[in-house]
Amino acid sequence: MMTELERVLIRKGRQLNWLFLIVASSGVTLSGLFGYTWLHFDELYDPYQSVYPRLSTVFSPLNMTVLCFLALANGLIFYRLKQTKAHLAVTAYMVLLNNRPETLTAHYQAQLRQFFRAAGLPDNYSLASLKKMNMRHFMTLSVPISRTVTQNKSQWIRLAHFAANPPPCQ
């Protein structure tokens with residue numbers, strides 16, 4: 001059974017793959033656009049006959065359409081990646097809240113300290129105070145929290161499974 005943390009980590013991996021593909025294809029497209037403009041400068045400039053030939057050619061309708069499409073695609077993928085990182089940070093926060101405090105302090109002290117450090121909290125911050133915090137704080141600091149969770153993925157997944165299936169109380 002997959003936990004929410006595992007699903008978010010998989011989604012973040014997919015978003016990073018898409019980011020790589022879109023940035024690489026944008027680089028290739030921009031190189032092609034530059035080459036086309038360089039090779040066909042006179043044909044692109046002829047319809048405008050402006051006082052600024054380079055400016056009117058570089059900002060031709062074809063070039064502007066391609067640039068707008070690339071900006072939209074890159075902006076969208078960066079926005080989705082940012083949302084995924086924020087969701088990962090909130091999910092990690094919820095994993096900590098769903099565990100028993102004595103379990104966290106006894107077995108998962110390292111993850112707790114790493115989370116506190118990434119969230120900009122002191123190492124000796126109490127779990128009771130953590131429960132009272134606004135989730136918005138973790139969404140704004142999602143990049144360092146996401147990095148911490150991703151670096152120690154297996155330990156966080158183990159902690160999430162432990163939160164989903166706690167052992168019976170003794």
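Read on for a plain summary of the structure.

Calculation criteria
Residue indices begin from 1 for each chain and proceed along its sequence in written order. Totals for whole chains, interfaces and linings use all residues, but because this is a predicted model, local features are given only for residues with pLDDT of at least 70 and pairs of side-chain atoms are given and counted only at 80 or more. With hydrogens and water set aside, each side-chain value is computed from the structure's full complement of heavy atoms. Within this document, salt bridges are pairs made up of a side-chain nitrogen of Lys or Arg and a carboxyl oxygen of Asp or Glu, the two lying within 4 Å of each other. The numbering of helices and of strands both runs from the N terminus, where a helix is a DSSP run of H or I of at least 4 residues and a strand a run of E of at least 2. Burial here depends on accessible area, computed with a 1.4 Å probe over protein chains only, as a share of the maximum for the residue type. Under 20% is buried, over 50% is exposed, and the range in between is partly exposed. Residues adjacent in sequence count toward polar contacts only when both atoms are side-chain atoms; beyond that, a polar contact is any pair of N or O atoms within 3.5 Å, and within protein one must be able to donate a hydrogen and the other to accept it. Residues count as neighbours in contact if any of their non-hydrogen atoms are within 4.5 Å of one another. Under the pairing criterion, centres of Phe, Tyr and Trp rings, with the six-membered ring standing for Trp, must be within 6.5 Å; the plane angle then separates stacked pairs below 30 degrees from edge-to-face pairs above 60, leaving the rest tilted.

1. Describing the pattern of salt bridges
Per the stated rule, a full pass over the model turns up two salt bridges. In this structure, arginine 7 and glutamate 4 form a salt bridge, with 3.4 Å as the shortest nitrogen-oxygen distance. One end of the pair is arginine 7 and the other is glutamate 4, both in helix α1 (residues 4-39) and three residues apart, which spans about a single turn. A relative accessible area of 41% places arginine 7 in the partly exposed class. Since its relative accessible area comes to 34%, glutamate 4 is described here as partly exposed. A salt bridge links aspartate 123 to arginine 117, with the shortest nitrogen-to-oxygen separation between them at 3.6 Å.

2. Points about the side chain of threonine 148
Residue placement: threonine 148 occurs in helix α9 (residues 142-151). Look at threonine 148 and you get buried, because its relative accessible area is 12%. At 2.9 Å, the side chain of threonine 148 forms a polar contact with the backbone oxygen of proline 144. When residues no more than four places from it in sequence are discounted, the contact partners of threonine 148 are Gln114, Phe115, Ala118 and Trp156.

3. Let's talk about the packing of aromatic side chains
A full pass over the atoms with the stated rule returns six aromatic pairs. Consider the rings of tyrosine 108 and phenylalanine 162, whose centres lie 6.0 Å apart with planes at 50 degrees: the pair is tilted. Residue tyrosine 108 is found in the loop between α5 (101-107) and α6 (109-118), and its partner phenylalanine 162 is found in helix α10 (residues 153-164); the two are separated by 54 residues along the sequence.

Keep in mind these values describe shape, not function.
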